[in-house]
Amino acid sequence: MNKSVFSSLVAVLASLVAATPALAAEEVNLYSYRQQSLLQPLTDAFTEETGIKVNVVHAEKGLAEKIKAAGENNPADLVLTVDIGRLEEVRAAGLFEAVQSPVIDEVVPAHLRHPDNLWFALTTRARVIYAHKDRVKEGELNSLKDLADPKWQGRICTRSGKHVYNIGLIASVIAEDGEAAAETWLKGLKANLARKPQGNDRAQAKAIFEGQCDLAIANRYYMGKMFYNSKSPEQQEWAEQIRVVYLDQDIGGRGQHINISGAGLLKTAKNKDNAIKLLEFLVGEKAQGLYATANFEEPVRAGIKTDEFIESLGDFKADRISLQEVADQRAAAARLVDRVGYDM
């Protein structure tokens, strides 16, 4: 999003706030990287339950810089986004304020929120392996480290190593094993790529379907998006020939790498009480159920029923490393991607 477009959206949000002064105490304003189609059911349900109106400006990138530049004139109360990296950008800029909420503390595990409650997860997003059902035998791949085994040479597809999803994954390897071990692993993975990193996660599923590779790294929730995609039925075929592999599930193993969608309260928020009410709503049973069925992500709240197809993909043990530790290694991960020439 360029500066002029973003400024226009900020102006729209500001005008929405200014146009309804009588209801100012019954509003909350969001900046969000999340798609409107996902957020709308959640915000509608919140408004229906509380009477509090939700105004949303959707953004694509550069949010921390724009909020910082706006200073006290920033009209938003909350940031909702995907990936710990994007939350960390706002936190590192000093823009978040700690949220004290027994409700959130009870629902969100400690490793899925900032140590000082400056951000916290709303859902988790498992970054799994897509394996061709016939060309890859069950049990043939068990660990993230296995992706560097030469037996997979020319058989793996991924999107760019610089994409935030893969930076998070590589940062987790650094956090777990150290930078030297991570570099050895990433070199091995690069040597096994079937093609130059490209496309999004669904493009990796298509590449498996077309026989360009046998394995791909991708987020699990895309399986649901492809399986139920009636507008692009070819994606249903892509999903049907894939088996999802969860990594590092052995006793003592680190568990499947996950990232999050999450939120943080801005220091400049004008509607803090309403913002915290919305955050507490988003970790509640109704909203967590909507996350699970509308976007096929894993609820952060325990005991929420997920989509039937997603359940058919099986359960997994998630990595319990602190996501702040992972976030702290993001810069090192980006340098590593460059150093091994992953995208070249």
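One structure accompanies this document, and this report is about it. (Residues numbered from 1 in each chain as written. Predicted model: local features only at pLDDT ≥ 70, side-chain atom pairs only at ≥ 80, totals over all residues. Heavy atoms only, no water.)

1. Focus: the packing of aromatic side chains
The condition is simple: Two aromatic rings from Phe, Tyr or Trp, using only the six-membered ring of Trp, form a pair when their centres are within 6.5 Å; if the ring planes differ by under 30 degrees the pair is stacked, by over 60 it is edge-to-face, and anything between is tilted. A run of DSSP states H or I qualifies as a helix once it reaches four residues; a run of E qualifies as a strand once it reaches two. Both are numbered from the N-terminal end. The classification of residues rests on relative accessible area computed with a 1.4 Å probe and restricted to protein chains. Under 20% of the type maximum is buried, over 50% is exposed, and intermediate values are partly exposed. Sitting over a ring, as applied to charges here, requires NZ of Lys or CZ of Arg to be within 6 Å of the ring centre and within 35 degrees of the ring normal.
Applying the stated criterion to the full structure yields seven aromatic pairs. Judged by centre distance (5.1 Å) and plane angle (85°), the ring pair of Phe 227 and Tyr 228 falls under edge-to-face. Taking the centre distance of 6.2 Å and the plane angle of 85° together, the rings of Tyr 228 and Phe 309 count as edge-to-face. Separated by 81 residues along the polypeptide, Tyr 228 in the loop between α9 (221-227) and α10 (234-240) and Phe 309 in helix α13 (residues 308-312) bring together distant segments of the chain. For Tyr 228, a relative accessible area of 40% gives the class partly exposed. Through a chain of ring-to-ring contacts, the aromatic side chains of Phe 227, Tyr 228, Phe 296 and Phe 309 assemble into a single cluster. Arg 86 extends its terminal NZ or CZ atom over the ring of Tyr 33, reaching a point 5.2 Å from the ring centre.

2. What about the pattern of salt bridges?
The criterion, for reference: Note on definitions: salt bridges are taken to be side-chain nitrogens of Lys or Arg within 4 Å of carboxyl oxygens of Asp or Glu.
Inspection of every chain in the model, using the stated rule, returns 20 salt bridges. Of the charged contacts, one joins Arg 125 and Glu 297 as a salt bridge, the two residues approaching to 3.2 Å between their closest N and O atoms. Of the two residues, Arg 125 sits in strand β5 (residues 120-132) while Glu 297 sits in the loop between α12 (285-294) and β10 (298-299), which places them 172 residues apart along the sequence. Classification of Glu 297 as buried rests on a relative accessible area of 1%. Among the salt bridges present, the one from Lys 206 reaches Glu 210, with a minimum N-O distance of 3.9 Å. Overall, Lys 206 belongs to the partly exposed group, its relative accessible area being 35%. In this structure Glu 210 comes out as partly exposed when scored by relative accessible area, which is 45%.

3. Examining helix α3 (residues 63-70)
This is how the line gets drawn: Comment: arc refers to directions from the helix axis out to C-beta atoms.
Looking only at α3, the buried set comprises Leu 63, Ala 64 and Ile 67. Seen end-on, α3 carries its buried residues on one side only, within an arc spanning 100°. Relative to its buried face, α3 has exposed residues pointing more than 90 degrees away, namely Glu 65 and Ala 69. Remark: Gly 71 follows α3 within two positions and exhibits a positive phi of approximately 60°.

4. Looking at the side chain of Arg 330
Cut-off, in case you're wondering: We count Lys and Arg on the positive side and Asp and Glu on the negative side, and we leave His and both chain ends out. In this description, contact between two residues means that some pair of their heavy atoms is separated by no more than 4.5 Å.
Among the secondary structure elements, Arg 330 is positioned in helix α15 (residues 330-339). Within the buried core, Arg 330 has no salt-bridge partner, and the shortest N-O distance to an opposite charge, that of Glu 89, equals 4.3 Å. Ignoring any residue separated from it by four or fewer positions in sequence, one finds Arg 330 in contact with Gly 85, Glu 89, Val 164, Ile 167 and Ala 171.

5. Structural notes on the environment of Ile 304
Tracing the backbone shows Ile 304 in the loop between β10 and α13. Residues Ile 304 and Glu 285, spaced 19 residues apart in sequence, show a C-alpha to C-alpha distance of 6.9 Å. Here Ile 304 is in contact with Glu 285, Gln 288, Gly 289 and Pro 299, once residues within four sequence places are set aside.

6. Here's the deal with the environment of Ser 160
Looking at where Ser 160 falls in the secondary structure, it is placed in the loop between β6 (156-157) and α6 (164-177). Assessed through its relative accessible area of 24%, Ser 160 is described here as partly exposed. Here Ser 160 is in contact with Asn 166, Pro 197, Gln 198 and Asp 343, once residues within four sequence places are set aside.

7. Re α12
Three or more residues of α12 are buried, namely Ala 287, Gln 288, Gly 289, Tyr 291 and Ala 292. Packed against the buried residues of α12 are α2 (36-50), β3 (78-82), β5, α11 (272-282) and β10.

8. As for the state of the cysteines
Applied cut-off: By convention in this document, the label disulfide applies to cysteine sulfur atom pairs within 2.5 Å.
Summed over all chains, the structure comprises one disulfide. Residue pairing for Cys 157: its cysteine sulfur links by disulfide to Cys 213, the two sulfurs lying 2.2 Å apart. Residues Cys 157 and Cys 213 are joined by a disulfide whose S-S torsion is about -115°; by sign, that bridge is left-handed. Of the two residues, Cys 157 sits in strand β6 while Cys 213 sits in the loop between α8 (201-209) and β7 (215-219), which places them 56 residues apart along the sequence.

9. With respect to the packing of α2 against α12
Worth spelling out the cut-off: To obtain each axis, a line is fitted to C-alpha atoms, and for helices this fit is confined to the stretch in contact; angles are then taken between N-to-C directions over 0 to 180 degrees. Note that the term roughly parallel is reserved for angles under 35 degrees, roughly antiparallel for angles over 145, roughly perpendicular for angles of 65 to 115, and oblique for everything else. By the definition used in this description, the sense in which the near helix is turned from the far one sets the handedness, with an anticlockwise turn below a right angle giving left-handed and a clockwise turn giving right-handed.
α12 packs onto α2 with a crossing angle of 160° between their chain directions and a minimal axis gap of 10 Å. Taken as axis vectors, α2 and α12 run roughly antiparallel relative to one another. In the packing of α2 onto α12, the handedness of the crossing is right-handed. Note on element contacts: α12 touches α2 through Lys 286, Ala 287, Leu 290, Tyr 291 and Ala 294, opposite Leu 38, Pro 41, Leu 42, Ala 45 and Glu 49.

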